[in-house]
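# Overview (structure and organization)
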Amino acid sequence: MSEITELKLTLSAEDQRNIFGGNDSYIRKIEDSFHVEIIDRNGELHIIGDKAGATKASGILRELVQLSRRGSNIEEQSVDYAISLKGDDKKNNIQNDNVLVDIDRDVICHTISGKPIKPKTLGQKKYIDAIRNKMIVFGLGPAGTGKTYLAMAMAITAFQREEVSRIILTRPAIEAGEKLGFLPGDLQSKVDPYLRPLYDALYQIMGTENFIKNMEKGLIEVAPLAYMRGRTLDNAFIILDEAQNTTPAQMKMFLTRIGFGSKVIITGDASQKDLAPDVKSGLDIAQGVLKGIDDIEFCTLTSSDVVRHPLVQKIVKAYEDYEKKAANKQRNKSIKKLERR
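Remember, it's a predicted structure, so these values are computed and weren't measured experimentally. (Residues numbered from 1 in each chain as written. Predicted model: local features only at pLDDT ≥ 70, side-chain atom pairs only at ≥ 80, totals over all residues. Heavy atoms only, no water.)

Take the sheet that holds strand E7 (residues 166-171) next. Two strands in a sheet stick together by hydrogen bonds in their backbones, pointing the same way (parallel) or opposite ways (antiparallel). Strand order in the open sheet formed by six strands is E8-E7-E9-E10-E6-E11, with parallel pairing between adjacent strands. Either end of the sheet is taken by a strand with one partner, and the two such strands are strand E8 (220-224) and strand E11 (296-300). Sheet twist, expressed as the mean angle between neighbouring strand axes with direction ignored, is 15 degrees. Taken together, the five bridges between strand E6 (residues 136-140) and strand E10 (residues 263-268) define a ladder with parallel strand orientation. The partner of Leu140 across the bridge, within E10, is Gly268. Here helix H11 (residues 282-290) sits on the sheet in contact with E6, E10 and E11, set at roughly 130 degrees to E6. (Pairing = 2+ DSSP bridges. Helix = DSSP H or I, 4+ residues; strand = E, 2+ residues; numbered from the N terminus. Axes fitted to C-alpha atoms, helices over the stretch in contact; angles between N-to-C directions. Contact = heavy atoms within 4.5 Å.)

A word on helix H3 (residues 51-69). With 19 residues, H3 should cover 27 Å at 1.5 Å per step; its first-to-last C-alpha distance of 27 Å lies within 8% of that length. What H3 keeps buried is the set Gly53, Ala54, Ala57, Ser58, Gly59, Ile60, Leu61, Glu63, Leu64, Val65, Leu67 and Ser68. With a side-chain oxygen lying 3.1 Å from the backbone nitrogen of Ala52, the N-terminal cap of H3 falls on Asp50. In the stretch just after H3, Gly71 is the one whose phi turns positive, near 95 degrees. (Expected span 1.5 Å × (residues − 1). Buried < 20%, exposed > 50% of the residue type's maximum accessible area, 1.4 Å probe, protein only. Polar contact = N/O pair within 3.5 Å; in protein donor to acceptor, adjacent residues only side chain to side chain.)

Enumeration over the complete set of coordinates arrives at four aromatic pairs. Pairing Phe138 with Phe298 gives two aromatic rings, centres 4.4 Å apart and planes at 15 degrees, and the pair type is stacked. Here Phe138 is found in strand E6, whereas its partner Phe298 is found in strand E11, with 160 residues between them in sequence. Taking relative accessible area as the criterion, Phe298 reaches 17% and is therefore assigned buried. An aromatic cluster is defined as three or more aromatic residues linked by ring pairs; in this entry it consists of Tyr199, Tyr203 and Phe211. Positioned above the aromatic ring of Phe298 is the side chain of Lys291, whose terminal nitrogen or guanidinium carbon lies 5.7 Å from the ring centre. (Phe/Tyr/Trp six-rings, centres within 6.5 Å; stacked < 30°, edge-to-face > 60°. Lys NZ or Arg CZ within 6 Å of the ring centre and 35° of its normal.)

Attention shifts here to unusual backbone geometry. Trans is the prevailing form of peptide bonds, just as negative phi is the prevailing case for residues other than glycine. With phi around 55 degrees, His35 is a residue other than glycine that occupies positive phi space. With respect to the helices and strands, His35 occurs in the loop between helix H2 (25-34) and strand E2 (37-41).

Here we take up the sheet that holds strand E1 (residues 4-10). Spatially, E1-E3-E2 is the arrangement adopted by the three strands of the open sheet, whose pairing is antiparallel. Only two strands of the sheet have a single neighbouring strand rather than two, namely E1 and E2. Put simply, the sheet's adjacent strands are angled 20 degrees from each other on average, direction ignored. Of the pairings in the sheet, the one linking E2 to strand E3 (residues 44-50) comprises five bridges and is antiparallel in character. Pairing of Asp40 across the sheet is with Leu45, part of E3. Sitting on the sheet, H3 is in contact with E1, E2 and E3, with an inclination near 150 degrees to E3.

Closest axis-to-axis distance for the helix H6 (residues 122-133)/helix H7 (residues 147-160) pair is 11 Å, and the angle between their directions is 40 degrees. Classified by the angle their axes make, H6 and H7 are oblique. The crossing of H6 and H7 is right-handed. Every residue of H7 that contacts H6 at Gln124, Tyr127, Ile128, Ile131 and Arg132 is listed here: Lys147, Leu150, Ala151 and Met154. Within the contact of H6 with H7, the residues separate by chemical class into six nonpolar, one polar and two charged. (Parallel < 35°, antiparallel > 145°, perpendicular 65-115°, else oblique. Left-handed = near helix turned anticlockwise from the far one by under 90°. Nonpolar A, V, L, I, M, F, W, Y, C, P; charged D, E, K, R; others polar.)

Now the structure itself:
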């Protein structure tokens, strides 16, 4: 039988309000995850359980207190991520007890409303560090992991610091049932729906007025991938979004446009291809061709890096598990077929 341990932690009333969650929901999560009991006695928390569980629960609460005192708003995603890290710290190779605080310190920039933009997971932190240190970075992973948004924040920061002279944002315009030529409006209004997520991030970080002013000057360009052909892109921060929908020829064309003084981020989710079934993805080919080349890094984000509603994380994980099972089933079928020959 495990020895019962009691650990204590003193919290201010403000920290309690931030850390406990509505109806103490965050505290309940920690209790259920580590099989401990957390009792509040006039601002002093008593964490009671076996030594390992109590130590991990106490460690999470101490980190959340530090985040709260740094002015961070504690959200359900933060608590879930802290629990997942502590729950299997050996698997996650966690050697630093203050990993969440270290991540929280890395402020990329602020939105127009003053909200800080920063990584929220280890995967996102590695992605941001790669963008800082490499010329070309591939950000791979499911929806909600912040691939495009963080890349946009890094691009705008580099532009504002005059590290680059312009920002170029592009993505393939994959048609879904209707040909672009039959849609109403001029060319810009035809392609805008495909580029809307990029506009949304620009408005939020840079502000509508500032964005329009820089776009009119030609310092910010948002265009379909086809517009990149025949150009050389010097001294620019270039983001190719939805790269899973490029063909191998398009990906090669894009990569060979890069000029001196430029930085390139390529984002994509291999599980959300809109290409015809018989068309190979340029993103898939690039991973095989370019791995091992200096100054190119591939960052793979997973369901644990999803920073949208917690339900999105569960949905992404469920699909990952389903696809893994389907792939294993297909592989076993192929092996049996070969054995019968």
